[in-house]
Structures are given as C-alpha cells and as structure tokens.
Amino acid sequence: MTSISSRRARRMKNDINVVPYIDVMLVLLVIFMVTAPMITPGQIELPSVGTASEVPAQPVEVQIDAQGALALRVREGGAAFQPVDKANLLATVRAAITPNTPVVISADGKVPYETVMQVMDQLRDGGISKLGLLVNQTATGARQ
C-alpha cells in the first residue's frame, strides 16, 4: 500500500498561483494613489505669435523671381532690389550683413523648391546662421 499512495502524492500541478501578483499590484496601486496628489505639475510658458519680439535688425532679403534670377536688398523703406548672380551671392550677402542681421529668402510661387533649397544651402554653407523664409501673409489660400 505504500507504493500506491506514494504515486498519488507526487502528481504535479500545471496552474500558477496568481494571488501574490495581485497583492503586489494592489500595493503599487495604493502607493501611486497616495503619491500622485503630492506631485506638482511643471508650468511651461510657451511663446505666442502675438507677443513675439520685434526683429532687432533690418533683415537682408534674397529674392528669387519666376525665372530663377536672384536679387538682394536690405528691407528698409525705399530700398530697391539689386540683381546678383548665383556665384557672387554669398560675397554680396556677407558684405551687406553684420553678425546680428537675419537673412530671409523670398521666392516666387513658380520657383521650384529645389532652387530655393540650393540658395539656402549655399548661404548656410557660407556660415550664415540667421536664415529664414519670407512668407506672404496677405495672400489668400486659394490658388489660381
């Protein structure tokens, strides 16, 4: 009889006892519920468009017309565009700016994007860091 009872006592179980995992989960839930009200959220102040500061210096504008010709002017009252070729663009822009002067690129809507990017890359490679694109804000959203 001892051999039969020893066979029945050694049978293995194939299920997992999940009660300790539930206990750990409940303890963590209580900890998070107690500590969450004590955490103060950080305050982030984002700038808005209406309160942006004025441009400190008059920017130099590089204009690309529909045929791809380049022109340059300092954006002051009454200043006219002066034509410049692509080879002399960097030297002409450097002569017209100071370290704090921004440079903006304005392009006709028919100019390929690749042409604008080539001008931008040429200026960036030349060490001009304050570079941006000029946007016509008065145009309507409809295109003809």
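Residues numbered from 1 in each chain as written. Predicted model: local features only at pLDDT ≥ 70, side-chain atom pairs only at ≥ 80, totals over all residues. Heavy atoms only, no water.

A look at the side chain of S106
Moving on, step 1. Within the secondary structure, S106 is located in strand β4 (residues 103-107).
Moving on, step 2. The exposure class assigned to S106 is buried, which follows from its relative accessible area of 10%.
Moving on, step 3. At 2.6 Å, the side chain of S106 forms a polar contact with the side chain of E61.
Moving on, step 4. Excluding anything up to four places from it in sequence, S106 contacts E61, V62, Q63, I64 and L134. (Helix = DSSP H or I, 4+ residues; strand = E, 2+ residues; numbered from the N terminus. Buried < 20%, exposed > 50% of the residue type's maximum accessible area, 1.4 Å probe, protein only. Polar contact = N/O pair within 3.5 Å; in protein donor to acceptor, adjacent residues only side chain to side chain. Contact = heavy atoms within 4.5 Å.)

What about the sheet that holds β4?
Strand pairing in a sheet is mediated by backbone hydrogen bonds. Such pairs are either parallel or antiparallel.
Moving on, step 1. If you walk across this open sheet you meet the five strands as β3-β2-β1-β4-β5, and the pairing is mixed. The strands lining the two open edges of the sheet, one partner per strand, are β3 (82-84) and β5 (131-133). Ignoring which end each strand starts from, the neighbouring axes of this sheet average 30 degrees apart.
Moving on, step 2. Two strands pair when backbone bridges link them, and strand β1 (residues 60-64) and β4 are joined in this way by five bridges, in the parallel orientation. (Pairing = 2+ DSSP bridges. Axes fitted to C-alpha atoms, helices over the stretch in contact; angles between N-to-C directions.)

Comments concerning a nonpolar patch on the surface
Moving on, step 1. Taken together, the side chains of I16, V18, Y21, I22, M25, L26, L29 and M33 present a nonpolar region at the surface, about 850 Å² in accessible area.
Moving on, step 2. On the secondary structure map, L26 appears in helix α2 (residues 19-35).
Moving on, step 3. Residue class for L26 comes out partly exposed when judged on its relative accessible area of 42%. (Patch = residues over 30% accessible without salt bridge, like charges linked within 9 Å, V, L, I, M, F, W, Y side chains within 5 Å. Areas by Shrake-Rupley, 256 points an atom, 1.4 Å probe, with all protein chains shown as cover. Salt bridge = Lys/Arg side-chain N within 4 Å of Asp/Glu carboxyl O.)

Quick word on the pattern of salt bridges
As a working rule, side chains carrying opposite charge can pair if their charged atoms are close by.
Moving on, step 1. Counting across every chain of the model gives one salt bridge.
Moving on, step 2. In this structure, R73 and E61 form a salt bridge, with 3.1 Å as the shortest nitrogen-oxygen distance. Pair noted here: R73 is in strand β2 (residues 70-74) and E61 is in strand β1, with a separation of 12 residues, a long-range link.
Moving on, step 3. Here R73 falls in the partly exposed class, since its relative accessible area comes to 22%.
Moving on, step 4. Residue E61 is classed as buried on the basis of its relative accessible area, which comes to 4%.

Considerations on the packing of helix α3 (residues 89-96) against helix α4 (residues 113-125)
Moving on, step 1. Running from N to C, α3 and α4 cross one another at 60 degrees; their axes reach a closest spacing of 10 Å. Between α3 and α4, the crossing angle belongs to the class labelled oblique. Seen along the crossing, α3 lies across α4 with a hand that is right-handed. Along the contact surface, α3 presents L89, L90 and V93, while α4 presents V119, Q122 and L123.
Moving on, step 2. Residue composition of the contact of α3 with α4, grouped by class: five nonpolar, one polar and no charged. (Parallel < 35°, antiparallel > 145°, perpendicular 65-115°, else oblique. Left-handed = near helix turned anticlockwise from the far one by under 90°. Nonpolar A, V, L, I, M, F, W, Y, C, P; charged D, E, K, R; others polar.)

Examining the environment of D85
Moving on, step 1. As for its placement among the helices and strands, D85 is situated in the loop between β3 and α3.
Moving on, step 2. The partly exposed category is assigned to D85, whose relative accessible area is 41%.
Moving on, step 3. Between the alpha carbons of D85 and L70 there is a distance of 6.2 Å; along the sequence they are 15 residues apart.

Quick word on the side chain of T101
Moving on, step 1. By secondary structure assignment, the location of T101 is in the loop between α3 and β4.
Moving on, step 2. In contact with T101, not counting residues within four places along its chain, are A57, Q58, P59, V60 and K130.

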